[in-house]
Amino acid sequence: MAAPRTLPGDLAHPFSPRGRVDPYPAYRWLLANDPVHFDVTSRMWLLTGHADCSLVLRDPRFSAAMGQRERVREDALPPSMLTTDPPEHQRLRAPGALLMGPAAVRGVADGIAHEVDRILTELAGHTGVEATADIGEPLATGVLARLFGLPPADHAAFADLARRVSANLDPLAGPQAAAAGRVSMGDLTRFLDERAGGAQDSPWGRLAADDRLTRPEKLGIASLAVVGGWKPLAEMVGNALYWLLPRPEVIERLRDGGDELAVTAVDELLRLESPIPFTARVTTEAVALAGGTIPAGARVLALVAAANRDPAVFDRPDDLVVTRSPNPHLAFGTGTHFCLGAPLVRHAGALLLRELLCRHPGLRATGATPVWAPSLLPRRLDGFNLAI
Ligand code: HEM
């Protein structure tokens, strides 16, 4: 194997504090110069091309299960669908659709509309608004609460648990934060378990009553929806407004456009700034790619945020083109593990954005320019202050 190439000295490594805030210069260099890159810092293979990332996510030689088995867990749940390979994966995923598939989303559509209306009505009374705290998190809480059939009295406790378990998302979270996150997983599981019976007429009630899986397996699916869904959905709102607010002509177009344009815009906004910028796999055997050969047993990161700006696939890759269609972005992954929550994110995200822009035409950023938080996952803004 040739000696690993290193990034030029003036480019911040994408996982360094500076690179986490703006990883795109490093992504661009890697894509142009070393698209199958062995990173000596993380000892992982970083893939930045759209074709390579798609292959990693579709090819069974890249396992989602390997490398996860030794992870310490304190919630006593079996491995989730996200960390299993076929055929076990499909056994878990098919019933999981009862909780978050398209039919589940249709079933709670009126409830989601009610939540969006409530959030936007409450905003009118605020003097200062913070994008995540006042819009994104209430949206994620309201939407997931509808899936779980939670009454309004449970929303605050649910949001608190969801916030705590989200500490597990960031691979850079210190051991203390990660341990606290794992303990919270147990609390979340108990919370959802206690409410399974009372939520019969909800997607969670239907999954809980399904006899294809054991109770711990069903709880594993439910907690995955919260860990994998709540924070990314919450942060998507600020990330989207960051791109939209400086572009009044695009906002005008979205106000006048229909629901379909709003969904197309959500996909484009996720392409440009996805809360989940990468995902990991381990090779089951050596794999030869055009840019180099990855050995067996290697840890591979598909940097979907880089692939989403690959000029070989996207015209004007760094520009917001809300009408972009087709838009083969990888923000929801692709292949076997394609985000099961994608229909929900598209539906709720499009509704929220369109209603927000129509009902609050004076919405604008205030104070200092928002900065990207130095967290790896989710990609999110720190303190994005708005005025209504
Ligand atoms: C903007 C918000 C979201 C983004 C960007 C996102 C992104 C992703 C990505 C990239 C994957 C694939 C990971 C991989 O291949 O390793 C994934 C999987 C998944 N997502 Fe999402 N997600 C979002 C919201 C949600 C929500 C709200 C839910 C549930 C309510 C959800 C449930 C899931 C589940 C269950 C999987 C695992 C699917 C499987 O392993 O078969 N996601 N998501």
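All chains use their own residue numbering, which begins from 1 and follows the written sequence. Note on the predicted model: pLDDT of at least 70 is required for a residue's local features to be given, and 80 or more for side-chain atom pairs to be given and counted; whole-chain, interface and lining totals, by contrast, use all residues. To obtain the side-chain values, all non-hydrogen atoms of the structure were used and water was disregarded.

Asks: How would you sum up empty space enclosed by the protein? Please name residues and give values.
Replies: If a probe the size of a water molecule is rolled over the atoms, the empty space left behind becomes visible. Buriedness of a pocket was judged along seven lines, with at least five required to meet protein on both sides within 12 Å; pockets are open sets of points on a 1 Å grid over the protein atoms alone, cavities are sets where a 1.4 Å probe fits but cannot get out, and lining residues have an atom within 4 Å of a point. Grid points are joined across faces, edges and corners, and a volume is the space filled by probe spheres set on the points. Counted under the stated rule, the structure contains three cavities of 30 Å³ or more. Here the largest cavity defines a volume of roughly 80 Å³. Surrounding the largest cavity, Pro14, Gly19, Arg20, Pro23, Tyr27, Pro277, Phe278, Ser375, Leu376 and Arg379 form its lining. Polarity classes work like this: nonpolar for Ala, Val, Leu, Ile, Met, Phe, Trp, Tyr, Cys and Pro, charged for Asp, Glu, Lys and Arg, and polar for all others, with Gly in that last group. Grouping the amino acids of the lining of the largest cavity by side-chain chemistry returns six nonpolar, two polar and two charged.

Asks: Residue-level account of the site of the ligand, with values.
Replies: What surrounds the ligand is a group of 29 residues, the closest being His89, Arg93, Thr279, His337 and Cys339. Contacts to the ligand include His89, whose side-chain N or O atom sits 2.6 Å from an oxygen atom. Polar contact criterion, stated in full: a pair of N or O atoms within 3.5 Å, where within protein one must be able to donate a hydrogen and the other to accept it, and residues adjacent in sequence count only if both atoms are side-chain atoms. Taking Thr279, its side chain carries an N or O atom lying 2.5 Å from an oxygen atom of the ligand. Per the convention used, a helix needs a DSSP run of H or I reaching at least four residues, while a strand needs a run of E reaching at least two, with both numbered from the N terminus. For the shell around the ligand, the elements supplying multiple residues, two or more each, are helix H4 (88–100), helix H11 (215–244), strand S5 (279–283) and helix H15 (342–359). Per-element tally for the shell around the ligand: the top contributor is H11, with seven residues. Residue composition of the shell around the ligand, by class: 18 nonpolar, nine polar and two charged. Each residue is tested against the molecule or strand, and it is near if at least one of its non-hydrogen atoms lies within 4 Å.

Asks: Please give an account of the environment of Phe15 that cites residues and values.
Replies: Along the chain, Phe15 turns up in the segment before helix H1 (17–21). With 157 residues separating them along the chain, Phe15 and Leu172 place their C-alpha atoms 9.2 Å apart. Every residue pair with non-hydrogen atoms within 4.5 Å of one another is taken to be in contact. Those residues in contact with Phe15 that sit more than four places away from it in its chain are Arg20, Asp39, Ser42, Leu46, Leu301 and Leu376.

Asks: I'd like to hear about the coordination of the iron atom of the ligand, residue by residue, with values.
Replies: In an ideal octahedron of six donors the angles at the metal are 90 or 180 degrees, and in an ideal tetrahedron of four donors they are 109.5 degrees. The protein supplies the iron atom of the ligand with one donor atom, Cys339 (SG), which lies at 2.3 Å. Mapped onto the secondary structure, Cys339 falls in the loop between helix H14 (304–307) and H15. Sites may look incomplete because water is not among the atoms; the donors themselves are N, O and S atoms within 2.8 Å of the metal, or within 3.2 Å for Na, K and Ca.

Asks: Hey, could you go over the nonpolar core for me, with residue numbers and the actual values?
Replies: For soluble globular proteins, the rule of thumb is that nonpolar side chains tend to be buried together. In this structure, Leu99, Phe148, Phe158, Leu192 and Leu241 are the most contacted members of the largest nonpolar core, which totals 100 residues. The biggest single contributor to this core is H11, with 16 residues. Counting 17 residues, the second-largest nonpolar core is a separate cluster that includes Trp45, Cys53, Val56 and Leu57. The criterion is simple. A nonpolar core is a set of buried Ala, Val, Leu, Ile, Met, Phe, Trp, Tyr and Cys residues joined through side-chain atoms within 4.5 Å. Burial classes follow relative accessibility: with a 1.4 Å probe on protein chains only, a residue under 20% of its type's maximum area counts as buried, one over 50% as exposed, and anything between as partly exposed.

Asks: Before we move on, could you go through unusual backbone geometry and cite the residues and values that matter?
Replies: The amide bond that connects Ser325 to the next residue, Pro326, takes the cis arrangement and shows omega of 0°. Relative to the assigned elements, Pro326 resides in the loop between H14 and H15. Cis geometry is adopted by the peptide bond preceding Pro378, which originates at Leu377 and carries an omega value of 0°. Tracing the chain through its elements places Pro378 in the loop between strand S10 (371–372) and strand S11 (381–382). Of note in this structure, Arg316 is not a glycine but carries a positive phi near 45°. Topologically, Arg316 is positioned in the loop between H14 and H15. Classification of Arg316 as partly exposed rests on a relative accessible area of 46%.

Read these as geometric descriptors, not functional statements.
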